[in-house]
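# Descriptive structure summary
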Amino acid sequence: MKFSYNWLRELVPGADAVPTDLSRLITMRTAECEGVEAAGVLLDRACAALIQSVEPIANTHNVKAVVDAGRYGTRTVVCGAPNCRPGMVAAYVPIGSKVLYGVVSDGMLASGAELGISRDHSGILELDVQAGAPLPGCVPDSIIEIDNKSITNRPDLWGHLGMGREVAAILARKLEDPVRLDLLPQGAAAIDVRIEDTSLCPRYSALVFDGITVAPSPLWLQYRLNAIGLNSINNVVDMTNYVMSELAQPMHAFDAGLIQGDAIFVRPAHSGERFRALNGEEYTLDPSNLVIADARGPIGLAGVIGGMDTAIGSSTKRVVLESANFQASSIRKTSAAIKLRTDASMRFEKAQDPMNTVRGLARAMELLRDLSPGARVVGGVADHKNELTRPSPIELPVDWLQRKLGRAIDSGEVRDILERLEFGVSEPRRGVFLVNVPSWRATKDITLKDDLVEEVGRMVGYDSIEPQAPLVRAAVPPSNPARKFQHDARNLFVDLGFTEVYNYSFLSEDCVRAFGLDPAQHIRVINPIASDQALIRTSLVPGIWRNITENLKHRDAFRLFEVGLEIHKQSDGLPDEIPHLTAAIYDRHGNGEAGLFELKRAAECLMPDAQACPAQAASFEHPTRAAEVLWRGEKAGRLFELRPSLVEVGRAAILDLDLRAVERLAGTEKKYVPIRRFPSSAFDVSVIAGEREQAGKLQSLVASLAGSLLESIQYLRHYSGPPLAEGQKSVSFRLTAGSAERTLSSEEVGEMRARIIEGMRALGYELRV
């Protein structure tokens, strides 16, 4: 939100703080300022200049113009504007001399865009003043930019008057109210207004003007609007934007000659009703959208944008001015549904003051006198509204305020602060104030005495309060085992060299289909923040895949993991949120085996003795490299390589673990096993099997033949090549045998080894001995 320093000073005469100091005071007392920018820097030197002669410069589109620049004398200027002609009065700026196309150009003739007056750079600015005169109403300004998020709860601060009120309170100056309610005409209105649901439109005020002349706005108005980021359209539309920027009251002007019938209807849209907006777009509406309509149909989308069918144009002579108040949530929903946020909708969705509608009309009347001198009011104000009730006064004990604030403060200072902020204050009994909240602060802003503490605190300055730790008894928070377990899992994977990522919980339909998932099984977001985030994820894998595709552009190898929730739709009740850990190892080189084995090792670090058992591959998994991760007899996740078609280059292995299942299985009761008193014996066996034979299967077979004296079995390596036949491999295991009661004899160990060899040969396997 941008505020003009000059505009604020007009509203607060005597405000002598320089822009940077004022922005700092506003930050400390009211709202965060993001910076101060200069506007119209050239205007302090610019003046009107009469173009006396124009001479083309050979072989260019430029001309040599001789101008009478008043106090700067006669100057020669090179100009490339197509509208430069003799007898024209233009804006001259003495920016120094420079040789252009062989001509000494002393200064320049400027466009509205170059001066910061408008966005028009199609030609030099044409003036209707005497040569040498300054540009009327245009002087250098400073624009104070406020962070919108810091004024979300302050609808009054979306206009210069509201910010001016804050400045007046901060600097202890008087605020000049630009509104003259005595200008409003009395009598019957020239147009009828009918509100179908006053909960959606608490107030709608309108006034009809005749004798309007639509023309470009004067320079001062163009400049003021352009400085705060608004584009100049014409004098009528600019007037409504000026009122909005000053009073925070959005307004709209309809061409009365294009309104069908003699009434304006405020109603919900009919299902499927079409509306052609001022931005050239056509929208299909539904009953959740509030419209302004005439006898034919919608002429405005309430609180968002006006309609093309009643737009102000060069032929407009009669105007209906709308100044209304709408339910904040209704405007927000409509704006979000059609994906259009306007200056009006941003203000209405903050819950504007219903009392402000007639004030907006009064200000518009005064401005139209200057902007369209022939304009005259037809009839009185059409003002339809809910019964407006004043909020109940808030009782504020000063001693309670001091305790809450954490510092001593005189009751007279409290009263002075509140009255400077234009609260009504009385003291029914000593030390207790009765505070009446002004209407512009009563729309979901000030409702409790705690809110008044904040008003006093920010004005005295929070830096004046000595920091003190609260005297609160310390208590150990309740245990959260799931949080601790997930935290430990994160730390484990970080220690293994993985980098944690955070992804949105939303997916697009295209992404869901790419992974062979059914969009119908996903929860759909009613109002997605973007078109590619319409579904809530049921798997973390698509998000990790996106991380892989982005990072492989910059790195040859990396490790990533994410801990997040899979959210599954349920037939009844709330969705099921399952915590998952999904890890990925990418390598541009190699065949991908190393990544799978490393992820299996990572899984075993979290789940000792976990097994990877081959499983049917899903559509996004490598057809022959997919396995279920089993732990303590139950499925805990999946280990697989992404289907090569999903990875542009290289290989990506994925480990996807159900942390809820892993945590439950990890809680299995552990039994104490004493340290062995007797030594163990180890030996190796190498099984010759087919090249596609699974090492896990061979390990299980060897272990089953070893007998009860087997302590452990460990995979060592596999080998293929001479002297083995083609299509065969040798898989080696190390077996450790031992007993808790005695030292095994060499005969017992040899018997175990022989049993394994005979048993494996009986199953059709040869062993290398």
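Attention in this report is confined to the structure presented alongside it. Everything numeric here is computed off the predicted structure, so don't read it as measured data.

### What to know about the sheet that holds strand β5 (residues 74-79)
Overall, antiparallel pairing links the five strands, which are arranged β5-β4-β3-β6-β7 in an open sheet. Here the strands that pair on one side only, and so sit at the sheet edges, are β5 and β7 (103-110). Direction aside, the axes of adjacent strands within the sheet are offset by 40° on average. Judged from the six bridges that link them, strand β4 (residues 63-68) and β5 form a sheet pairing that is antiparallel. Following the sheet pairing, V67 is matched in β5 by R75.

### What about the packing of helix α13 (residues 481-495) against helix α17 (residues 659-666)?
Contact geometry of α13 with α17 gives a least axis separation of 11 Å together with a crossing angle of 100°. Taken together, α13 and α17 sit at an angle that is classed as roughly perpendicular. Contact with α13, carried on its side by P481, A482, F485 and Q486, involves L659, V662, E663 and A666 of α17 and no other residues of that element.

### Quick notes on unusual backbone geometry
Look at the link from P722 to P723: it is a cis peptide, with omega at 5°. Tracing the backbone through its elements, the reader meets P723 in the loop between β33 (710-719) and β34 (728-737). At A172, a residue that is not glycine, the phi angle is positive and equals roughly 55°. When you line up the elements, A172 lands in the loop between α4 (160-171) and β9 (192-195).

### Considerations on helix α2 (residues 19-29)
Those residues of α2 that fall on the buried side of the exposure criterion are P19, L22, S23, I26 and R29. The buried residues of α2 all sit within an arc of 140° when viewed along its axis, so they share a single face. The inward-facing, buried residues of α2 abut α1 (5-11), β2 (33-39), β8 (141-146), α4 and α12 (449-460).

### Notes on the side chain of S508
Tracing the sequence through the fold places S508 in the loop between β24 (506-507) and α14 (509-514). Judged by its relative accessible area of 15%, S508 falls in the buried class. Ignoring anything within four residues of it in the chain, the contact list for S508 reads D532 and L535.

### Considerations on the packing of aromatic side chains
Taken as a whole and assessed by the stated rule, the structure comprises eleven aromatic pairs. With a centroid separation of 5.1 Å and an interplanar angle of 25°, the aromatic rings of F558 and Y586 are classed as stacked. A residue pair is termed long-range when its members are at least 10 positions apart, and F558 in strand β26 (residues 557-568) and Y586 in strand β27 (residues 576-587) qualify at 28 residues. The burial state of F558 is the same as that of Y586; both residues are buried. Ring geometry for F620 and F640: centres 5.7 Å apart, planes at 70°, overall edge-to-face. In this pair, F620 sits in the loop between β28 (611-614) and β29 (621-631) while F640 sits in strand β30 (residues 634-642), placing the two residues 20 residues apart along the sequence. Each member of the pair, F620 together with F640, is buried.

### Points about the sheet that holds strand β20 (residues 394-397)
An order of β20-β22-β21 is seen for the three strands of this open sheet, with the pairing classed as antiparallel. The outermost strands of the open sheet, each flanked by one partner alone, are β20 and β21 (424-429). Geometrically, the sheet is characterised by an average inter-axis angle of 30° between neighbouring strands, direction not taken into account. Across four bridges, the pairing between β20 and strand β22 (residues 432-436) is antiparallel. Its bridge partner lying in β22, E395 is registered against L434. Across the sheet, helix α10 (residues 398-405) is in contact with β20 and β22; its angle to β20 comes to roughly 75°. Contacting β20 and β22, α12 crosses the sheet at an angle of about 60° to β20.

### Quick word on α4
Counted at 1.5 Å a residue, the expected span for α4 with its twelve residues is 16 Å, and the 16 Å between its end C-alpha atoms agrees. Burial in α4 covers these residues: H160, L161, G162, M163, G164, R165, E166, V167, A168, A169, I170 and L171.

### Quick word on the nonpolar core
Counting residues in hydrophobic clusters, the biggest one holds 81 residues, and the most contacted among them are I146, L321, L396, L401, L418, F423 and V456. With eight residues, helix α9 (residues 356-371) is the largest single contributor of residues to this core. If sequence neighbours within four positions are ignored, V456 has contacts with L401, L405, I409, V414, I417 and L418. Residues V208, V291, I292 and F348 belong to the second largest nonpolar core, which totals 37 residues.

About the cut-offs
- Residues numbered from 1 in each chain as written.
- Predicted model: local features only at pLDDT ≥ 70, side-chain atom pairs only at ≥ 80, totals over all residues.
- Heavy atoms only, no water.
- Pairing = 2+ DSSP bridges.
- Helix = DSSP H or I, 4+ residues; strand = E, 2+ residues; numbered from the N terminus.
- Axes fitted to C-alpha atoms, helices over the stretch in contact; angles between N-to-C directions.
- Parallel < 35°, antiparallel > 145°, perpendicular 65-115°, else oblique.
- Contact = heavy atoms within 4.5 Å.
- Buried < 20%, exposed > 50% of the residue type's maximum accessible area, 1.4 Å probe, protein only.
- Arc of directions from axis to C-beta.
- Phe/Tyr/Trp six-rings, centres within 6.5 Å; stacked < 30°, edge-to-face > 60°.
- Expected span 1.5 Å × (residues − 1).
- Core = buried A, V, L, I, M, F, W, Y, C linked by side-chain atoms within 4.5 Å.

Structural measurements only, silent on function.
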